[in-house]
Each structure stands twice: as C-alpha cells, then as structure tokens.
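Listed below, chain by chain, are the residues.
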Amino acid sequence: IGRESMNELMADKDFVLTVVQLVGGDALELAATDIRADRDLVLSAVQHGGCALEHAAMEFRADHEIVFAAVQQNGRALQYASQSLQANRSFILSVVQLNGLALQYVAPCFQSDRDIALAAVQQNW
C-alpha cells in the first residue's frame, strides 16, 4: 500500500474502527485528524488501549467518560487527561477507585492526599 492509499484508508472512520478493534487503540495515532475528533471512535480506541487518549483530539482529553474509560483500560492513560480533569479532586478519587495504578500519574497536589492514596491502595488489594 502506498502512502497516499494509506492516508485515504486512515481517513475512513469504518476502516480505522476496524483497525482499532483488531490491533488496539494505538492505531488512533495514525488516523486522520478529523477521525481523532470522532467521539465514538475515540471511545472505542481508549477501550481497546487506554493510552490512545494521547492521540485523541484535545476536547476528549477533558471528557469524563472517555478519560474514565481510558484509565479503566490502562492507569497510565491519566497522564494524557486534560489539566482541568487532573486538577479535579472528585474525578481523581473516582479514577483511582477504578484503577489504583493511576495513582502514580495524579497531579502532585494529590499525591499526598490521604483519601486518594487510600482509595488507590484499597482498589489494588
């Protein structure tokens, strides 16, 4: 497949969705910009590979449902969430209750928060 043909394929939502389902969310990195701005596709991508959040349109990095799904799949995905979500204590608490491994990616202001640390530890035990 030539470069031009590949670019055309990665601009096709159905094709990208199939690739995401077959090989994982990281395929979002190769998708055309407008595809990365498709909410349903991004949600599917993060459900198949949480760190696909890194390649999502910025608006989805601030989307509670999408970030929550990403962190559920991979705690590391929290590092790609928007600053506003990373600064939202109640959101961070719910995320570490879902995936305690996300604790290592919380903002410094929450790293010594007793409730958040306890929730993360309880989730992992």
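Higher on the page you've got the structure.
Residues numbered from 1 in each chain as written. Predicted model: local features only at pLDDT ≥ 70, side-chain atom pairs only at ≥ 80, totals over all residues. Heavy atoms only, no water.

Secondary structure assignment for the chain yields 10 helices and zero strands. Reading the secondary structure of the chain in the N-to-C direction produces α-α-α-α-α-α-α-α-α-α. Structurally, the chain occupies a C-alpha span of about 55 × 25 × 20 Å along its principal axes. Here the chain holds 125 residues, and the buried ones make up 44% of them. As displayed, the chain offers around 6900 Å² of accessible surface, 50% of which is attributable to carbon and sulfur atoms. For the chain, the centre of its 8 positive side-chain charges and the centre of its 15 negative side-chain charges are spaced 9 Å apart. (Helix = DSSP H or I, 4+ residues; strand = E, 2+ residues; numbered from the N terminus. Buried < 20%, exposed > 50% of the residue type's maximum accessible area, 1.4 Å probe, protein only. Areas by Shrake-Rupley, 256 points an atom, 1.4 Å probe, with all protein chains shown as cover. Lys, Arg positive; Asp, Glu negative; His and termini not counted. Charge placed at Lys NZ, Arg CZ, Asp CG, Glu CD.)

Those residues of helix H4 (residues 39-48) not exposed but buried are Leu41, Val42, Leu43, Ser44, Ala45 and Val46. Contact partners of the buried residues in H4: helix H2 (13-23), helix H3 (33-36), helix H5 (58-61) and helix H6 (64-73). (Contact = heavy atoms within 4.5 Å.)

Time to look at the environment of Asn124. Mapped onto the elements of the fold, Asn124 is located in helix H10 (residues 114-124). You can call Asn124 partly exposed: its relative accessible area is 42%. Asn124 sits 23 residues away from Leu101 along the chain, and the two C-alpha atoms are 7.6 Å apart. Not counting residues up to four positions away in its chain, the partners in contact with Asn124 are Gly100 and Leu101.

Leu28, Val46, Leu53 and Leu78 are the most contacted members of the largest nonpolar core, which totals 40 residues. Those elements giving two or more residues to this core turn out to be H2, H4, H6, helix H8 (89-98) and H10. (Core = buried A, V, L, I, M, F, W, Y, C linked by side-chain atoms within 4.5 Å.)

The quantities given are spatial measurements derived from coordinates; they are silent on function.
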